[in-house]
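The residues making up each chain are set out below.
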Amino acid sequence: MDSKQITIQSTIAADTKKVWDYYTDPQHIIKWNFATDDWQCPWAKNDMRPGGKYSARMEAKDGSFGFEFEAIYDTVVDQENFSYTMGDGRKATVNFENKDNITLVTVSFDPESQNPVEMQRGGWQAILDNFRKYTEAN
């Protein structure tokens, strides 16, 4: 496993409370948690506390492929940041930084070893960009 984390960011035109809520509430997660329009997130569950579990189903709309993403929270600081450990032991951190009703979201994560780093960065960034579009439109 590569020890160098990948970092992605997005600036969202909304206050931190809204951004936090849309990022962590399953009723919103299912609306943005996919990289392309031919994918979907039919369900998500989120127990937002240290030791709590996050899980979401991500799948192609045509049913050709899908998987469940699961993680356990290590730390949670409401409306500021959280960190988690994925099922395969990789770690990730998400930070929310408020700047005059604009929120900078920064995600850092351990890459997996099966796909190229740029592919992983692109996929995670596409999901974060989808989150930004959804949050700003609602």
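Residues numbered from 1 in each chain as written. Predicted model: local features only at pLDDT ≥ 70, side-chain atom pairs only at ≥ 80, totals over all residues. Heavy atoms only, no water.

An unreviewed UniProt entry lists the protein under the name Activator of HSP90 ATPase, from Leptospira hartskeerlii. According to its UniProt record, the protein has this under Sequence similarities (unreviewed entry): "Belongs to the AHA1 family." (UniProt positions renumbered as here; feature names shortened; annotations may be inferred.)

**A word on the overall build of the protein**
Along its length, the protein carries three helices and seven strands. Ordered by position from N to C terminus, the α and β elements of the protein give β-α-α-β-β-β-β-β-β-α. A compact globule built from 138 residues should have a C-alpha radius of gyration of about 14 Å, and the protein, at 14 Å, falls within 12% of that. Expressed along its principal axes, the backbone C-alpha trace of the protein runs to roughly 40 × 35 × 30 Å. Taking all 138 residues of the protein together, 40% fall into the buried category. Taking contacts inside the protein between residues at least 6 apart in sequence as the whole, the part at least 24 apart equals 47%. For the protein, the computed accessible surface area is about 7500 Å², with 47% contributed by carbon and sulfur atoms. Taken as two groups, the 15 positive and 22 negative side-chain charges of the protein have centres that lie 1 Å from each other. (Helix = DSSP H or I, 4+ residues; strand = E, 2+ residues; numbered from the N terminus. Rg over C-alpha atoms; globule rule 2.2 N^0.38 Å. Buried < 20%, exposed > 50% of the residue type's maximum accessible area, 1.4 Å probe, protein only. Contact = heavy atoms within 4.5 Å. Areas by Shrake-Rupley, 256 points an atom, 1.4 Å probe, with all protein chains shown as cover. Lys, Arg positive; Asp, Glu negative; His and termini not counted. Charge placed at Lys NZ, Arg CZ, Asp CG, Glu CD.)

**Description of the pairing of strand β4 (residues 66-77)**
Bridge count for strand β3 (residues 53-60) against β4 is seven bridges, and the pairing is antiparallel. Across the sheet, residue Tyr54 finds its bridge partner in β4, namely Ala71. Note: β4 against strand β5 (residues 81-86), six bridges, orientation antiparallel. From the neighbouring strand, Ala71 faces β5, where its bridge partner is Met86. What sits between β4 and β5 in their antiparallel hairpin is a turn of three residues, with Gln79 showing a positive phi close to 60°. (Pairing = 2+ DSSP bridges.)

**Overview of helix α1 (residues 16-24)**
Residues of α1 that are buried: Thr16, Val19, Trp20, Tyr22, Tyr23 and Thr24. You can read the cap of α1 off the contacts: a side-chain oxygen lies 3.1 Å from the backbone nitrogen of Lys17, and it is on Asp15. (Polar contact = N/O pair within 3.5 Å; in protein donor to acceptor, adjacent residues only side chain to side chain.)

**Regarding the pattern of salt bridges**
The tally for this structure, following the rule as stated, stands at nine salt bridges. Measuring nitrogen to oxygen at the nearest pair gives 3.4 Å for the salt bridge that ties Glu70 to Lys53. Of the two residues, Glu70 sits in strand β4 while Lys53 sits in strand β3, which places them 17 residues apart along the sequence. Residue class for Glu70 comes out partly exposed when judged on its relative accessible area of 34%. (Salt bridge = Lys/Arg side-chain N within 4 Å of Asp/Glu carboxyl O.)

**Observations concerning the pairing of β5**
For a regular strand, the rule is simple: side chains alternate between the two faces of the sheet. Within β5, five of the six residues are buried, which leaves it mostly tucked inside the rest of the structure. Sheet analysis places β5 next to strand β6 (residues 91-99), joined by five bridges and oriented antiparallel. Note on β6: the bridge partner recorded for Phe82 is Val94. From the end of β5 to the start of β6, which pair antiparallel, there are four residues, and Gly89 there has a positive phi angle of about 95°.

**With respect to the side chain of Arg90**
Here Arg90 shows up in the loop between β5 and β6. A distance of 2.7 Å separates a polar side-chain atom of Arg90 from the backbone oxygen of Asp110.

**Notes on the UniProt feature "domain: Activator of Hsp90 ATPase homologue 1/2-like C-terminal" (unreviewed entry) in the protein**
UniProt's feature table lists "domain: Activator of Hsp90 ATPase homologue 1/2-like C-terminal" (unreviewed entry) at residues 14-135, given in the numbering used throughout. Annotated as 29% helix and 42% strand, the span residues 14-135 places its first and last C-alpha atoms 8 Å apart.

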